[in-house]
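What the coordinates show
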Amino acid sequence: MRNALGLMLASVVAAVVIAAGGWFYYSSRADQAAPKTIAARAADPLSAQAKLAAKDDVATTATIAAKPAAAAPAPAPAPMPVQQKSTCANPNALGVSRVVEIDTTGGPGFGFDHFKQFDFLTDKEVVLTFDDGPWPVNTPAVLKALADECTKGLFFSVGKHATYHPEILRQVLAQGHTVGAHTWSHVNLNGKKMTEQMAKDEVEKGFSAVRFALGTNPAPFFRFPQLQHNPAIVSYFGTRNVAMFSTDIDSFDFRKGATPEKIIETVMTRLDKLGKGIILMHDFQKHTGEAMPALLARLKAGGYKVVQMKAKTTFQTLPEYDEALLKDLKVPTSSARPIGSVVQTVSQ
């Protein structure tokens, strides 16, 4: 009897212990889980707000982005003035409004006096071009005027002059201007006694001389002396991928009696009528150098902008003309290498 009563009492105690242990186990598990549940619930409203805020940000960003997208063309030219300010001592310089690269494949022509196909200039844009140099005093005077206004030009050098004054032509290139050719001796390629072979020799020898003076290949740009376009050479340039340049505005700075004032008035009168164009001048002429500062000031005051023309590739001279030139100049053929491949500045 006592055994049975003791057994029942032990069973009750065991049940109470098990129940208490279970309650303690589940209570402690619930206490551990509670922070997670509360955190999760507390996070839900924040997530919703975050999502809403994210949608607002996207909408706002899209709205802001849409406005610059529409106005993108306006600020596009900004990098050019910034670049000029960092390299130009003149904060009000005429500068260069844009640079165009010319693919000379097939021998394109520029300048409406003779070529009508490529009308790439917009209103109030000009290209400054100079023939017949390099020449002491006069070419440096032109270079200084251009440098003072931080602007660039296109120079067509006579081969003989290039060999006389290679150091000046190298200054032209070093200052960032484009250098092309203008025959060997400035002969009229349409002259009565000029044969096709003679004309070809004048052209090729001229380019070889410019290359010799520069110590590197010039641009494949050419202007015919006296603007006399020999039909055979025009076709030949198509095979040599040389761009030909005529003009839109002739300064007539080579005429007898030309003065700086007359040169300026001739250019501006014609330019104001046309509104844009390629301007022909001569760095060989004294009065041109004298006229340049005032002419550039007039261009700036008139709202005109300078476009610089560069070539996509350089001109490859023909070895036979390079060799003939060196022979004529009595230069040892061993010195035909470009100066840059012989002499390099390694410390300064």
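The paragraphs below set out a description of the structure included in this document. (Residues numbered from 1 in each chain as written. Predicted model: local features only at pLDDT ≥ 70, side-chain atom pairs only at ≥ 80, totals over all residues. Heavy atoms only, no water.)

**Observations concerning the environment of valine 203**
Note the threshold: The way it works is that DSSP assigns letters per residue, a run of H or I at least four long becomes a helix, a run of E at least two long becomes a strand, and they are numbered from the N terminus. Each residue is placed in one exposure class: buried if its accessible area under a 1.4 Å probe, protein chains only, is under 20% of its type's maximum, exposed if it is over 50%, and partly exposed if it falls in between. Contacts are assigned to residue pairs that have any heavy atoms within 4.5 Å of one another.
Summarising the element assignment, valine 203 is placed in helix H6 (residues 196–214). Overall, the relative accessible area of 1% leaves valine 203 in the buried class. Once the C-alpha coordinates of valine 203 and leucine 189 are considered, the two residues, 14 residues apart in sequence, prove to be 9.1 Å apart. Contact partners of valine 203, with chain neighbours within four places excluded, come to Leu189, Phe222, Ile233 and Phe237.

**A few points about the pairing of strand E4 (residues 154–157)**
Convention followed: Strands are labelled as partners when DSSP assigns at least two bridges between them. Looking down the strands as they point away from the viewer, one classifies a crossover as right-handed if the path from the first strand across the helix to the second runs clockwise.
Burial of E4 is two-sided: the residues Leu154 and Phe156 facing one way and the residues Phe155 and Ser157 facing the other way are all buried. Of the pairings in the sheet, the one linking strand E3 (residues 125–131) to E4 comprises three bridges and is parallel in character. Bridge pairing in E4 places aspartate 131 opposite phenylalanine 156. Running through helix H3 (residues 138–148), the crossover from E3 to the neighbouring parallel element E4 is right-handed. Bridge analysis of E4 against strand E5 (residues 178–181) gives four bridges, and the strand direction is parallel. When the sheet's bridge partners are listed, phenylalanine 156 is paired in E5 with glycine 180.

**Observations concerning the packing of H3 against helix H5 (residues 166–174)**
For any two helices packed against each other, the geometry is given by the interaxial angle and the distance between the axes. Test applied: Note on geometry: axes are lines fitted to C-alpha atoms, helical ones only across the stretch in contact, with angles between N-to-C directions running from 0 to 180 degrees. Angles are sorted into four bins: roughly parallel if under 35 degrees, roughly antiparallel if over 145, roughly perpendicular if 65 to 115, and oblique for all others. Crossing handedness: left-handed means the near helix sits turned counterclockwise from the far one by under a right angle, and right-handed means the same turn made clockwise. Note that Gly is not counted as nonpolar here; it falls among the polar residues with everything else outside the nonpolar set of Ala, Val, Leu, Ile, Met, Phe, Trp, Tyr, Cys and Pro and the charged set of Asp, Glu, Lys and Arg.
Put simply, H3 and H5 touch, their axes get as near as 10 Å, and they point 15° apart. The angle between the axes of H3 and H5 places the two elements in the roughly parallel class. When the axes of H3 and H5 are compared, the crossing they make is left-handed. Note on element contacts: H5 touches H3 through Ile168, Gln171 and Val172, opposite Thr139, Pro140 and Leu143. When its residues are assigned to classes, the contact of H3 with H5 shows four nonpolar, two polar and no charged.

**What to know about helix H10 (residues 319–328)**
To keep things clear, this is the line we draw: Directions from the helix axis toward the C-beta atoms define the arc.
Residues Tyr321, Asp322, Leu325 and Leu326 constitute the buried set of H10. End-on view of H10: buried residues confined to an arc of 135°, all on one side of the axis. Summarising the geometry of H10, the exposed residues directed more than 90 degrees from the buried face are Glu323 and Lys327. Turning to H10, the residues buried within the fold contact helix H4 (159–164) and H6. Two residues or fewer past H10, lysine 330 is found with a positive phi of approximately 60°.

**Examining the nonpolar core**
Our working rule: Grouping buried Ala, Val, Leu, Ile, Met, Phe, Trp, Tyr and Cys residues that are joined through side-chain atoms within 4.5 Å yields what is termed a nonpolar core.
Among the nonpolar cores identified, the biggest contains 47 residues, and Leu128, Phe222, Phe237 and Met292 are the most heavily contacted of them. Per element, the largest residue contribution to this core is six residues, and it comes from H6. Those residues in contact with phenylalanine 237 that sit more than four places away from it in its chain are Gly106, Gly107, Val203, Phe222, Phe224, Val242 and Met244. Ranked by size, the runner-up nonpolar core spans 14 residues in total, among them Ile102, Phe110, Phe156 and Ile278.

**As for the side chain of glutamine 308**
Applied cut-off: Whenever two N or O atoms come within 3.5 Å, that pair is a polar contact, provided that in protein one can donate a hydrogen and the other can accept it, and provided that, for residues adjacent in sequence, both atoms are side-chain atoms.
Tracing the chain through its elements places glutamine 308 in strand E10 (residues 305–311). Side-chain polar atoms of glutamine 308 contact the backbone oxygen of glycine 176, separated by 2.7 Å. With residues near it in sequence (within four places) discarded, glutamine 308 still touches Val96, Arg98, Val99, Val100, Lys152, Gly176, His177 and Thr178.

**Examining H6**
Going by this rule: Here, expected helix span is obtained from the residue count minus one, scaled by 1.5 Å.
Here H6 is 19 residues long and its end C-alpha atoms lie 27 Å apart, about the 27 Å a rise of 1.5 Å per residue gives. One or two residues past the end of H6 sits glycine 215, with phi positive at roughly 80°.

**Some words on empty space enclosed by the protein**
For the record, the criterion: Computed over the protein atoms alone on a 1 Å grid, cavities are sets of points where a 1.4 Å probe fits but cannot get out and pockets are open sets with protein on both sides within 12 Å along at least five of seven lines; a residue lines them when it has an atom within 4 Å of a point. Grid points are joined across faces, edges and corners, and a volume is the space filled by probe spheres set on the points.
Under the defined criterion, the tally for this structure stands at one cavity of 30 Å³ or more. For the largest cavity, the calculated volume is near 30 Å³. Gly133, Pro134, Thr139, Phe155, Phe156, Ser157, Leu169, Val172 and Asp283 are the residues that line the largest cavity. For the lining of the largest cavity, the elements supplying multiple residues, two or more each, are E4 and H5. Per-element tally for the lining of the largest cavity: the top contributor is E4, with three residues.

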